[in-house]
Amino acid sequence: MTKTALITGASRGLGRAIAKEFAAKGYNIAINYRRSEAEAQSLKETVEAQGVNAVLAQGDVADEADAKRVIKTTLEAFGRLDVLVNNAGVLVSGRIDDLSFSEYQLAMHVNVASVWLMVKAAIDALEKTGGAIVNISSGSGIVGPPNQSPYATSKAAVNGLTKALAKELAPRGVRVNAVAPGMIPTDMTQSRIDEGIEDYIKTVPLGRLGSPEDIAKATAFLADSDAGFITGQILPVNGGRHGA
Ligand code: NAP
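Definitions and cut-offs
Residues numbered from 1 in each chain as written. Predicted model: local features only at pLDDT ≥ 70, side-chain atom pairs only at ≥ 80, totals over all residues. Heavy atoms only, no water. Helix = DSSP H or I, 4+ residues; strand = E, 2+ residues; numbered from the N terminus. Contact = heavy atoms within 4.5 Å. Salt bridge = Lys/Arg side-chain N within 4 Å of Asp/Glu carboxyl O. Buried < 20%, exposed > 50% of the residue type's maximum accessible area, 1.4 Å probe, protein only. Core = buried A, V, L, I, M, F, W, Y, C linked by side-chain atoms within 4.5 Å.

**Some remarks on the side chain of Ser11**
Moving on, step 1. Mapped onto the elements, Ser11 comes out in the loop between strand S1 (4-7) and helix H1 (13-24).
Moving on, step 2. Apart from residues no more than four positions distant in its own chain, Ser11 is found in contact with Arg16, Asn32, Tyr33, Ser36, Glu39 and Ala40.

Given below as structure tokens:
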């Protein structure tokens, strides 16, 4: 029976690369997106060309009804769920003096509530397959860089959620881990990269920016049975750069 992976926020950036990596490993793919329908449709065609089946599962994963509908769409299409990748997220940055409370709430809502809601909606299906959850966190949630208070707080919360759920769901046969990327070129980081990234790269021991594929491969490893004795871990994928 072909396994199924659901990737949230798969229309662009890291989620898109993660979807292609799971397709390369032979998984059927459920593609969640919120607004970028054309990009999601083109990803569906790309992974189908890789020889697997795909379904579009539109929905705001920070909305409870949508989260349930995304899982329902996945199960109606494929009848099973083996891997849930909680990748959807937003970057909210700036000095605390300049940020509004609603911007803080947006980061917490999209980055944290979505993970909780999606796990809650998916757990029965994941338990049936002995599945795995991988949350895409961030090095910001470990380091706490300046001028990223909402984002860093939200990703630290994702790390706590990952550890708590790992212990809670282990007796049900479901593993929960997180990948904590360093800076990777995507729409999310484009403006920062446009400002000039040479100084940042000098601080990366491996001497380059990571790629979406670097994150996708680490995600696929944590979901795979090769990582079957790993749960509750936050895996930094950052070229060795752990500073703020
Ligand atoms: P991105 O290029 O901005 O893409 C974000 C994706 O999330 C889009 O596909 C977007 O879908 C989706 N999304 C946002 N809110 C959503 C919601 N409420 N419901 C469903 N989908 C939603 O970002 P990225 O760089 O690929 O980031 C992906 C994840 O990696 C995020 O959690 C981010 O915090 C994390 N991360 C990124 C980096 C980096 O350097 N890029 C570093 C560390 C961690 P639509 O286009 O359809 O709206």
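**Some thoughts on the pattern of salt bridges**
Moving on, step 1. Applying the stated criterion across every chain, the model contains 14 salt bridges.
Moving on, step 2. Between Glu21 and Lys217 there is a salt bridge, and its shortest N-O distance comes to 3.4 Å. Of this pair, Glu21 sits in helix H1 while Lys217 sits in helix H9 (residues 212-223), placing them 196 residues apart in sequence.
Moving on, step 3. The partner of Arg208 in a salt bridge is Asp214, and the shortest N-O contact between them spans 2.8 Å.
Moving on, step 4. Classification of Arg208 as partly exposed rests on a relative accessible area of 44%.
Moving on, step 5. Ionic contacts of the salt-bridge type, sharing partners, join the residues Glu21, Lys25 and Lys217 into one network.

**Some remarks on the environment of Leu206**
Moving on, step 1. Of note, Leu206 is situated in the loop between helix H8 (198-202) and H9.
Moving on, step 2. For the pair Leu206 and Ala23, spaced 183 residues apart in the sequence, the C-alpha separation amounts to 28 Å.

**A closer look at the nonpolar core**
Moving on, step 1. Residues Ile7, Ile18, Phe22, Ile29 and Val179 are the most contacted members of the largest nonpolar core, which totals 31 residues.
Moving on, step 2. Mapped by element, the contributors of at least two residues to this core are S1, H1, strand S2 (28-33), helix H2 (37-49), strand S4 (83-86), strand S5 (132-136) and H9.
Moving on, step 3. Those residues in contact with Ile7 that lie beyond four places of it in its chain are Gly15, Ile18, Ala19, Phe22, Ile29, Ala30, Ile31, Asn32, Val85 and Asn87.
Moving on, step 4. Counting residues in hydrophobic clusters, the runner-up holds 29 residues, among them Phe78, Leu84, Ile123 and Val158.

**Observations concerning the environment of Phe221**
Moving on, step 1. Its place among the elements puts Phe221 in helix H9.
Moving on, step 2. Taking C-alpha positions, Phe221 is 9.8 Å from Val134, a pair spaced 87 residues apart along the chain.
Moving on, step 3. Excluding anything up to four places from it in sequence, Phe221 contacts Asp226, Ala227 and Ile230.

These figures come from the coordinates and say nothing about function on their own.
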